[in-house]
Amino acid sequence: MVSHSPSILVVDGLSETTAVLKAVFEPRGHSVNRVRHSQLPNSTMTLPRVVIWHANEPEAIPAAEHFQGIPRIFIGRADCPTSDGETQRFSQPFEYRELLGTIETLLAE
């Protein structure tokens, strides 16, 4: 079990997405953690390197501001900020291969 802050944080979404990310990235030394939007810790948390945010409800987006300056991937139907250059967007359904490639690129930066 990795005890440091996650390299990849998944907010909401399917547990299967987290399982796929763990299977791919944990053997490479990246930790993966999943939380519910309602369980997001306060600003004292150590920030991850990449955030995958499942955002089907518009009201979920403002909380994404917790992660300003962190590369983010939004998955879902909700409108999301995409002008900052740190945000990627995937509509559902999405291809895991594309998601994994995007995460690999963001982790390499």
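All of the points below concern the structure found in this document.

Rules used in this analysis
The numbers attached to residues start from 1 for each chain and follow its sequence in the written order. Residue-level local features of this predicted model are given only where pLDDT is at least 70; pairs of side-chain atoms are given and counted only at 80 or more, and the full residue set underlies all totals for whole chains, interfaces and linings. The basis for the side-chain values is all heavy atoms of the structure; hydrogens and waters are excluded. Labels follow the DSSP assignment, with helices taken as runs of H or I lasting at least four residues and strands as runs of E lasting at least two, numbered in each case from the N terminus. Here, two residues are considered to be in contact whenever any of their heavy atoms come within 4.5 Å of each other. By nonpolar core is meant a set of buried Ala, Val, Leu, Ile, Met, Phe, Trp, Tyr and Cys residues that side-chain atoms within 4.5 Å join together. Exposure is judged per residue with a 1.4 Å probe applied to protein chains only, and the accessible area is read against the type maximum: over 50% gives exposed, under 20% gives buried, and values in between give partly exposed.

Description of the overall build of the protein chain
For the protein chain, the helix and strand inventory stands at two helices and five strands. Taking as baseline every contact in the protein chain between residues at least 6 positions apart, the subset at least 24 positions apart corresponds to 44%.

Some thoughts on the nonpolar core
If you look at the biggest cluster of nonpolar residues, it comprises 16 residues, and the most contacted ones within it are Ile8, Leu21, Phe25, Ile52, Ile73 and Ile103. If you list the elements that add at least two residues to this core, you get β1 (8-11), α1 (15-25), β3 (50-54), β4 (72-75) and α2 (96-108). Here this core takes five residues from α2, the largest share from any one element. Among residues more than four places away in sequence, those in contact with Leu21 are Ile8, Val10, Glu26, Val32, Ile52, Leu100 and Ile103. With 10 residues, the next largest nonpolar core counts Leu9, Leu40, Ala55 and Ile70 among its residues.

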